Amino acid sequence: MKFGLAVNANETVSEIVRKCVEAERLAIDYVWVPDVPVQLYAPTVASAVAASTRKIRIGLGLLSVFLHTPVQIASSVSTLVEGYGERFELCIGPGDRNLLKSVGIHLYHPTGVTGYLLTAKNQIEKILRKNRVKCRIWLGAQGPKTLEISKFFDGVLLNYAHPDRVEWAVDKVGHVKRKDFQFGIFSSSYVYQDFDPKIFNLLRISSAIIALGASETVLESLSLREKIAEAKRRLDTDTTLAKIIGQIPQKTVELFSICEPSTELGKYLLVLSKSKIEHVVFGYPQNYSEETVKALAHALKDWRKNERHRKP
């Protein structure tokens with residue numbers, strides 16, 4: 001199992017780079033650089049991270065194929081590989097609906113999304129092959145329709161965290177013939193040594209944002225549709241997220257985030273490993289400070305040590 005730390009697009013590039021350097025020093029396998037509309041541009045941040053690190057792998061994405069063309073995405077990856085070697089992986093998907101809406105892209109009636117994703121993936125792959133660039137292409141997936149096409153990618157990153165939901169998603173993908181296909185999760189996370197209510201509240205907000213961007217099909221299957229719909233209506237009337245956070249069910253934290261003391265993380269990872277998960281990305285607010293990065297690294301070190309003992 002490989003582990004990644006997602007950076008925070010709200011921070012300055014220098015802050016992000018400093019924490020990525022620390023992640024490399026602490027033997028975390030990956031850093032992932034999400035792309036968020038109207039904030040930092042992921043390929044630029046990835047370049048700065050690569051220039052200041054040596055070996056750590058760098059994930060680029062999720063990049064929305066409705067915000068960036070396949071040519072732009074493939075060109076960015078090719079440029080990064082040319083400059084810093086084959087240390088990069090890519091995750092594409094539709095993107096968060098509410099964030100896309102903020103830049104004028106509406107996906108409330110996303111007819112043909114799966115076909116568009118497959119076409120984009122094939123175009124990106126073709127350009128990378130022409131440029132002789134090797135790069136794993138992940139699909140960021142949540143709903144049943146995107147899960148159905150994930151087997152045509154190199155892997156799928158789920159944004160569920162609850163083991164039952166992860167198992168459901170893996171079953172939905174079904175048998176994949178490719179031996180190098182990987183299942184992973186990309187989740188808001190708070191792995192801690194000393195619990196901090198302030199950071200936990202950030203986790204609640206992050207989980208709420210994921211729920212607000214989820215499709216109605218997914219929300220219906222999780223029995224969250226009505227409550228999330230009401231929260232969306234209040235947001236549409238210019239109410240701030242901070243004012244409605246109490247309206248978002250606590251269940252969203254359990255479903256869409258990892259919240260574990262460092263001493264208990266190993267038990268959670270063991271359950272995930274039994275569901276074919278090979279890649280876990282710990283998202284915001286895990287990168288809140290160098291201390292939270294160290295807390296994660298400490299827990300992962302214990303996991304790896306125990307894994308060696310479990311193997312015959």
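One structure accompanies this document, and this report is about it. What you are looking at is a predicted structure, and each value in this text was computed from that prediction instead of being measured. (Residues numbered from 1 in each chain as written. Predicted model: local features only at pLDDT ≥ 70, side-chain atom pairs only at ≥ 80, totals over all residues. Heavy atoms only, no water.)

## Concerning empty space enclosed by the protein
We apply this condition: The definitions used throughout rest on a 1 Å grid laid over the protein atoms alone, on which a cavity is an enclosed set of points accommodating a 1.4 Å probe that cannot get out and a pocket is an open set flanked by protein within 12 Å on both sides along at least five of seven lines; lining residues are those having an atom within 4 Å of a point. Grid points are joined across faces, edges and corners, and a volume is the space filled by probe spheres set on the points. Secondary structure elements follow DSSP: runs of H or I no shorter than four residues count as helices, runs of E no shorter than two count as strands, and numbering proceeds from the N terminus. Polar here means any residue other than Ala, Val, Leu, Ile, Met, Phe, Trp, Tyr, Cys and Pro, which are nonpolar, and Asp, Glu, Lys and Arg, which are charged; Gly is therefore polar.
All chains considered together, the criterion is met by 1 cavity of 30 Å³ or more. Volume-wise, the largest cavity comes out at about 30 Å³. If you go around the largest cavity, the residues you meet are Leu 5, Ala 6, Val 7, Glu 11, Ile 16, Lys 19, Cys 20 and Asn 287. Elements represented by at least two residues in the lining of the largest cavity include exactly strand S1 (2-6) and helix H1 (13-25). No other element matches H1, which puts 3 residues into the lining of the largest cavity. Class assignment for the residues of the lining of the largest cavity results in 5 nonpolar, 1 polar and 2 charged.

## Quick look at the packing of helix H2 (residues 42-52) against helix H3 (residues 70-84)
Between two packed helices, the angle of one axis relative to the other and the distance separating the axes together describe the packing. Convention followed: Note on geometry: axes are lines fitted to C-alpha atoms, helical ones only across the stretch in contact, with angles between N-to-C directions running from 0 to 180 degrees. Any angle that is under 35 degrees is reported as roughly parallel, and any over 145 degrees as roughly antiparallel; angles of 65 to 115 degrees are reported as roughly perpendicular and all others as oblique. Two residues qualify as a contact provided that any one of their heavy atoms is within 4.5 Å of a heavy atom in the partner residue.
Between H2 and H3, the shortest axis-to-axis distance is 11 Å and the interhelical angle comes to 10 degrees. Here H2 lies roughly parallel to H3, going by the angle between them. Of the residues in H3, those in contact with Pro 43, Ala 46, Ser 47, Ala 50 and Ala 51 of H2 are Ser 76, Leu 80 and Tyr 84. Residue classes in the contact of H2 with H3 are distributed as 6 nonpolar, 2 polar and no charged.

## What to know about the packing of aromatic side chains
Where we set the bar: Stacked, tilted and edge-to-face pairs are distinguished by plane angle, under 30 degrees for stacked and over 60 for edge-to-face with tilted covering the rest, among Phe, Tyr and Trp rings (Trp via its six-membered ring) whose centres lie within 6.5 Å. Residue exposure (1.4 Å probe, protein chains only): buried if accessible area is under 20% of the type maximum, exposed if over 50%, otherwise partly exposed. Sitting over a ring, as applied to charges here, requires NZ of Lys or CZ of Arg to be within 6 Å of the ring centre and within 35 degrees of the ring normal.
Throughout the structure, instances matching the rule amount to 11 aromatic pairs. With 4.9 Å between their ring centres and 15 degrees between their planes, Phe 66 and Tyr 116 make a pair best called stacked. With a gap of 50 residues between them, Phe 66 in the loop between strand S3 (57-64) and H3 and Tyr 116 in helix H5 (residues 113-130) connect regions that are remote in the sequence. What makes Phe 66 partly exposed here is its relative accessible area of 24%. Both rings, one in Tyr 190 and one in Phe 195, keep their centres 5.9 Å apart while their planes meet at 45 degrees; by these two values the pair is tilted. In this structure, Lys 121 packs its charged tip against the face of Phe 153, placed 5.8 Å from the ring centre. Between Arg 136 and the ring centre of Trp 138, over which it is positioned, the NZ or CZ distance is 5.6 Å.

## Digging into unusual backbone geometry
Cis peptide bonds are those with omega within 30 degrees of zero, and the linkage from Gly 61 to Leu 62 qualifies with 10 degrees. Structurally, Leu 62 is set in strand S3. A cis geometry characterises the amide bond from Tyr 284 onward to Pro 285, with omega recorded as 10 degrees. Relative to the elements of secondary structure, Pro 285 occurs in the loop between strand S9 (277-283) and helix H14 (290-310). Positive phi outside glycine occurs at Arg 132, with the angle close to 60 degrees. With respect to the secondary-structure elements, Arg 132 resides in the loop between H5 and strand S5 (137-141).

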